[in-house]
Structure formats: structure tokens, C-alpha cells
Amino acid sequence: MLLHVDNVVKIFASKRPFARAVEFAALKGVSLEITRGQSFGLVGESGSGKTTLARCILRLDDITSGRIIYDGQDLATLSPRALRALRSKIQIVFQDPYASLNPRMTIRDIVAEPLEIHHDLVGLSAQARTDRASELLALVGLRTEHLYRYPHEFSGGQRQRIGIARALALNPEFLILDEPTSALDVSVQAQVLNLLHELQQRLGLTYLFVSHDLGVIRHVCDRVALLYRGELVEENDTEAIFESPRTDYARTLIAAMPSPDPARSLWRAA
Amino acid sequence: MPLLEIRDLHLAMKSFEGEAHVLNGINLAVERGEIWGVVGETGCGKSLTGLSVSRLVPSPPARYMQGEILFEGRDVLAASEEDMRKLRGRRIGMIFQDPTTNLNPSFRIGEQMIDVALHAAEDDPALLGLTKTASRSERRSAARRLAVELLDSVGIPNAADRLDSYPHQFSGGMRQRVLIALALIGRPDLLIADEPTTALDVSVQAQVLRILFDLVQKHRLAVMLITHNLGVVAQLCSHVAVMYAGNIVESGKVDAVLSAPKHPYTQALLAAVPGRSAVRGALSALAGSVPNLLRPPPGCRFAPRCPHAMPRCDAGAPPMIGVAAGQQVACVLYDKTAEAA
């Protein structure tokens, strides 16, 4: 087991001055286990706590109670130095490829930035970092001549590839994909999903795939967990969830998923 | 006569690098009671087509090169600004993608709805069930009743109380319903919905689509639904027009087009949707990207990415060919006359 989330609670306190302290429980005792090499899907509506959980795993937010154990280490007890080392193993690809790349940096600088930040760990010279950046671009299907261009010169799909290249710079083991294709067109989405699968095969990555697109989740994930208002309502192997959902919430969600088959329209035939 | 008829519409957009030919001969006819889905990738001209119908494309930089947009037989492009104001929000309702930016955050929902209702009633007092001589306060309270009725019809609980709420007190799905209610105030004949559910969760999306569907059944509205979600089209629409780089490449009845797509682009789009049969890692992805419209390909604009491309494709824009009852496709693959020649 690579990641063990054990009864995690995350409470946000209201920061409004003069207001009575209002607490909001974003995660109410969530437990899940992800094994090495797995694609684990995390599904839920907006506000269900998907992104909060992803942020807690990266320790961008601290959890209120419970434990998150990555590869035998409790994240909460790590020293700052150990945490930095661990962060090189857990990386994230963000949802919006337009907002997550600095428009003033060249692609070379964007992709090589993690190598610079973790210089003590990787210890590459500037020249070696450039070489690594061009190697990473090749890995995600871009070319060396793209190194010195800026994000605005790329399409949405290409930008998402750049985001993936940056996430892979430190040879991570675990990749959090936070809605990596929801800003993309279906044809481009297909390219990115194929790329992610190929990378997983080649590099032995473990994925935590956060999405509200059930079609995508069904296609990429081995196991799926459904979150609803901070609680884990159902978790199972992907096909089991889609074929025989056990909870009403799962059934509702699956029924609401619009199928591209016109014969399955809920209303039109009637 | 169709309610809306777009005939050979050409639109150019000025940019720093020259003029891009962004709509390249759009033909579309929408009848009452029909829900047309307009689909295609980002930048193919879906939204511009929708905006053109209510003439909301700023010009310049836009320039209509030729063609006409007939709403009940009258050309919208030739209408005066005064006449357009009477069409917009009354005969033609619009719903936009982002419900957060399309409501004024500093006014109560009720206030915004009453404003629209009063404005619409200036021309048509019957909307409020009043005569021209009604007093100001009578009109206001009638407008308020109408607002409650509409919020109720789109499924907002306690509509009368919610009139006093501000937009931020509603969730995304609720705000989208408020926008639908707003668009319905003038009892439009045509509703243009530009990605109305893209920002919503699937469960909320299903509710909003259901509301749209019921409205069409009840009022015989015509709807132009702009989206890139083929699932939404399959569930809701009666007809579909597939756009690529400023052209409609295939159009017709939804069951015909989606179950037996003829144009290679439609086929590629449908194949890219992750489905049950697709093998992981082997989704059929369309290679390449949408052409630069400053320098479009000479003939068929899809030819550079098309698996069936042949020399004839560059000879000129392919005409629309009827391939089956209510299904048309712009592709030389189906041009039998040229084959014989």
C-alpha cells in the first residue's frame, strides 16, 4: 500500500471578523487506501471535498484529525526537510492549463523549476536541467524546439502536456491529477488520457484521479471512491460501482451522466 | 417559414495579424419546438453563430461579409438598433455559460427580474396581464408576481422569499436557473443557450436540462443549445449541427447523426468520447489541431486532419449533400455526381 488515508477530518474555521465562529467540515472522517501502480478515482460534486483531500495529501492544508500515511511515513510528523523530500515524490497536475503556467516564464523554465527548487536533491547544473527539460518534453510528446517558447503560444492540450512534464520532472511515484481534462475538448481530452496511460505504463506511476466526469473516471480508473459532502459514501472496483452501485447517491450520479447514445435519452423518447 | 433561418452567413474578424474568416457560410433553419444542438471544438464558431442571431458580436472588429439571419422572415443583420432591442430579451432569449458573471452581484434577484419584466412590458403590457393604463405600482406588483411564477417554474423553492436574496446567496445551479427564468420573462420564441450547463455538476446539469426540455414541450419554444458535450446533445436535442472551423460539416436529426455519423469529423468526435468499449490508453484521438483561420486550408477545412483526405478535398469547399432523411453532410466522400465525372 502506497497511501493510506485514515479517518481524516478537515474543519475550516470561519475567518470573518466579528462573526460567530462558524465551522465547516470539509472532510468528515474519510478513509481510503491506494496501492502502488493503481489508478484511483475520486468522484464527487463541487463542494464534496475532493480538492480538499488532494490538498491535504500534498500537505498544502493541514488536517484537523486522522492520519495520512504515505509509504509508511505519517505526513503530519515529518520534519520540514523530510517533507520537502517527500514532496518530490508526490506531484500534482492542475485543472486549468491556462492558469497554472506562469505566462512570463519560458517552457524550459517552467519545466525545470522543480529541479531548481529541489536542487539539493537532484543536484543538476543549469545545462543538465535544460537537457532534462527537453527530455521531459519529448516524454509528453512535445519537441525540443518548444523549450524557449511561452505558454500563450500553445493550445490547451499542449499546455496540459507541459503541466504534466513539470509534474514528472522529479521522477515522482505518485501523481495527483485534479480534473486534468475538464478544460479540454473531447478530442484533446482523448490525447491527454492516452498520454497519461502510456506514462503510467512506462514509469510505474500511481494516480489519484480527481474528477466529476464519470465517463472519464470509468475509462481510466481501477478503483473509485465517491465523496458526498465530505463523507465517503461508496468505494469499490470501477466496474462494480458502475454496474451495481450500492448506494442511492451512486445510482443518482450514474443516472445523471449524459450518455452520447440518443437511444438512451431519458425524456426525448417519451 | 422556419422561426429562424441563417443563410450563407460569412463573418470575418479583424486581428493584429489580419482578417480571419471565422464563419464560412453557415446555413441553419430552426423551427418552433425543435432543440438544436450546436457542437464542435473550441474556436469553431459555435458561440459566434449564437451571438450573431441577437447581433451581439461587436462590429468592428467583426464584419459580416455576406448572408442573412432571418428571424420570422426579417433580416436581423439589417434591423435597426431600436428593433434589435425589441427582439433581444423578448422574442429571443439568451442564457450564457457562467451564471456568476451574468447576474449583477449588488442587486437582489427580484430587483433584476422586475427590471427586465418592466422593460419588456413597455412594449407588451399583456406580459404582465395589464392594460397600457395601469399605474406604476400595479405594474411593479404584477412584475413581481411574474418573477415569482417564473422562479417557481424553474424549480426554485420558496420563490417569493428568494426574490430578496442576492446572487451570492445562490449556488451555481440555482443561479443558472435564475438566468433561465430571466431569459423567459419576455416569453421568447427562440432561446439561445450558450453552454448553459458546462459549469454545473452532472446531477444539477440533469435538472437544468430537464427544465429546458419541459419548457420546450410546454411553450413550443425553439432552442439553440451551444455545447461541446455530445452526451447533452444526445439526451436533450432533437437536431444537431456539427461545426468545424467556421463551417457546419454535418447536420440533421439527432438520432441519425449520432448513431450513424457520416462526416469524418463527427465520427472522430464521437470516437473520442471515453465509452465502455474503449480500451484504456487507446482512445481514438484526433491528431493535429484546429487550423489557423488567418490561413485556412484551401478546400475542405478539415482535410489536413482527415483520415480520408484526397486531392479533391483541396479543390474547393465541399457542398452540403443530403445523405439520408433529414441528414446532411459537407464531404466529398458522399458526392456521387463528382465520382461519375
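This text goes with the structure placed above it.
Since the model is a prediction, treat every value here as computed from it, not as a measurement. (Residues numbered from 1 in each chain as written. Chains lettered and ligands numbered in written order. Predicted model: local features only at pLDDT ≥ 70, side-chain atom pairs only at ≥ 80, totals over all residues.)

Let us now look at the interface of chain B and chain A. Between chain B and chain A, the contact holds 35 residues from the first and 31 residues from the second. Among the secondary structure elements, those contributing two or more residues to the side of chain B that touches chain A are helix 7 (202-219), helix 8 (230-236), helix 9 (254-259) and helix 10 (264-272) of chain B. Examining the composition of the side of chain B that touches chain A, we find that six residues originate from one element, helix 7 of chain B, more than from any other. Here the residues of the side of chain B that touches chain A sort into 19 nonpolar, eleven polar and five charged. (Contact = placed C-beta atoms within 7 Å. Helix = DSSP H or I, 4+ residues; strand = E, 2+ residues; numbered from the N terminus. Nonpolar A, V, L, I, M, F, W, Y, C, P; charged D, E, K, R; others polar.)

Pairing between strand 1 (residues 3-13) of chain A and strand 4 (residues 65-70) of chain A: five bridges, direction antiparallel. What sits directly across from Asp6 of chain A, in strand 4 of chain A, is Arg67 of chain A. (Pairing = 2+ DSSP bridges.)

Residues and elements named next belong to chain B. Assignment of secondary structure puts Gly173 in helix 6 (residues 172-184). C-beta crowding within 10 Å serves as the criterion here: with 21 such atoms nearby, Gly173 is assigned to the buried category. Excluding its chain neighbours within four sequence positions, the residues that come into contact with Gly173 are Leu200, Val204, Gln207 and Val208. (Buried ≥ 20, exposed ≤ 12 C-beta atoms within 10 Å, placed from the backbone.)

What follows is about the nonpolar core. Membership of the largest hydrophobic core comes to 175 residues, with the highest contact counts inside it found for Val111 and Phe209 of chain A together with Trp36, Ala117, Val223, Leu225 and Val240 of chain B. The greatest single-element share of this core, amounting to eight residues, is contributed by helix 6 of chain B. The contact partners of Leu225 of chain B, leaving out residues within four places of it in the chain, are Ile35, Trp36, Gly37, Val38, Ala193, Leu236 and Cys237 of chain B. (Core = buried A, V, L, I, M, F, W, Y, C linked by C-beta atoms within 7 Å.)

What follows concerns the environment of Gly326 of chain B. For Gly326 of chain B, the position within the fold is in the loop between strand 11 (321-324) and strand 12 (327-329). The spacing of Gly326 of chain B and Ser251 of chain B is 75 residues in sequence and 8.1 Å in space, taken between C-alpha atoms.

It is worth spelling out the sheet that holds strand 4 of chain A at this point. Taking strand neighbours across the sheet as the criterion, the four strands line up as 2-1-4-5 (chain A) in an open arrangement whose pairing is antiparallel. Every interior strand has two partners, whereas the edge strands, strand 2 (23-34) and strand 5 (73-74) of chain A, have only one.

Next up on the list: the environment of Leu215 of chain B. Along the chain, Leu215 of chain B turns up in helix 7. Spatially, the C-alpha atoms of Leu215 of chain B and Val154 of chain B are 9.1 Å apart, while their sequence positions differ by 61 residues.

Okay, the pairing of strand 10 (residues 247-253) of chain B next. All names here are of chain B. Burial runs high along strand 10: six of the seven residues are buried. Two successive antiparallel strands, strand 9 (residues 239-244) and strand 10, enclose a turn made up of two residues, where Ala245 displays a positive phi of approximately 45°. Both strand 10 and strand 12 contribute to a ladder of three bridges, which runs antiparallel. From the neighbouring strand, Ser251 faces strand 12, where its bridge partner is Gln328.

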